[in-house]
Amino acid sequence: IKLRHVSRASGPGTLTEIRLAGNPAGRNLREVAEILGKLGASKSVRTKSMAMLERLAESEAQAHGTDADLVTFQLVSVVEVVSAAWALEELAVNEVNSRPAPWFGGFADGENGKASLPLPATLVLLKDKPVFESGAMEELITPVGALLLDTLVDDFISAPPPPGPANRLA
């Protein structure tokens, strides 16, 4: 795990890079459930993590016109989700609030060629969430980041308006 301070169009932040040895193959929901079942975390962390990953699979399936059982996860995504659930429990967080999310555009190179940003699953997960136009032409929110906003945020708080018009993704 490597932390880097970054500054992008939406402002400063910390980029967390999680790298796994080798190139581990993707896992489907059933395989992820088996991994989580062996995890040395509390039942509530395992349950919350599985529910979040099921939501991500449903979003990916909806975005790509397939079945959630056919969606595969990179293990790094599983680590990100479980880490978030574990951290909230360890810190005894009872409520999560967020400011509106930065909206962005552009293109990214992916496994299947060039993809328009935000990625399809990110669009599904950010539906009806408050956003603001950042002007960024790079990926500011990954599908897992959008998942965390979708499943963990209890309330989006008003904040001083960021640069550009605030809006709500419909």
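First, a word on scope: everything that follows refers to the structure included in this document. Here the structure is a predicted model, which is why all the values come from computation and not from measurement. (Residues numbered from 1 in each chain as written. Predicted model: local features only at pLDDT ≥ 70, side-chain atom pairs only at ≥ 80, totals over all residues. Heavy atoms only, no water.)

The next point concerns the overall build of the protein. Helix and strand content of the protein: five helices and nine strands. In the protein, the succession of α and β elements from N to C terminus is β-β-α-α-α-β-β-β-β-α-β-α-β-β. For the protein, whose C-alpha radius of gyration is 16 Å, the value lies close to the compact-globule estimate of 15 Å for 170 residues. With the C-alpha coordinates aligned to their principal axes, the bounding extent of the protein is approximately 45 × 40 × 30 Å. Burial status across the protein gives 35% buried among its 170 residues. Once local pairs closer than 6 in sequence are excluded, the contacts in the protein between residues at least 24 apart make up 68%. Entry remark: accessible area of the protein is about 10,100 Å², with carbon and sulfur atoms responsible for 53%. Averaged over its 16 positive side-chain charges, the protein has a centre that lies 3 Å from the centre of its 21 negative ones. (Helix = DSSP H or I, 4+ residues; strand = E, 2+ residues; numbered from the N terminus. Rg over C-alpha atoms; globule rule 2.2 N^0.38 Å. Buried < 20%, exposed > 50% of the residue type's maximum accessible area, 1.4 Å probe, protein only. Contact = heavy atoms within 4.5 Å. Areas by Shrake-Rupley, 256 points an atom, 1.4 Å probe, with all protein chains shown as cover. Lys, Arg positive; Asp, Glu negative; His and termini not counted. Charge placed at Lys NZ, Arg CZ, Asp CG, Glu CD.)

On to the environment of phenylalanine 156. With respect to the element layout, phenylalanine 156 can be found in strand β8 (residues 155-156). In this structure the C-alpha to C-alpha distance between phenylalanine 156 and alanine 101, which are 55 residues apart in sequence, comes to 9.3 Å. Apart from the residues within four sequence positions on either side, phenylalanine 156 is in contact with Ser98, Arg99, Lys129, Pro130 and Leu149.

Once that is clear, we can look at helix α1 (residues 29-37). Residues spaced three or four apart along an α-helix point in a common direction, a consequence of the helix completing one turn every 3.6 residues. Within α1 the residues assigned to the buried category are Leu29, Val32 and Leu36. Seen from one end, α1 has its buried residues packed into an arc of 60°, which puts them on one side. Of the exposed residues in α1, those oriented more than 90 degrees away from the buried face are Arg30 and Gly37. Here the buried face of α1 lies against α2 (43-64) and α3 (75-90). Its side-chain oxygen at 3.1 Å from the backbone nitrogen of arginine 30, asparagine 28 defines the N-terminal cap of α1. (Arc of directions from axis to C-beta. Polar contact = N/O pair within 3.5 Å; in protein donor to acceptor, adjacent residues only side chain to side chain.)

The next subject is helix α5 (residues 143-152). Most of α5 sits inside the fold, with seven of its ten residues counted as buried. Within α5 the residues assigned to the buried category are Pro143, Val144, Ala146, Leu147, Leu149, Asp150 and Leu152. Contacts made by the buried residues of α5 are with α2, α3, β3 (97-98), β4 (101-104), α4 (120-126) and β8.

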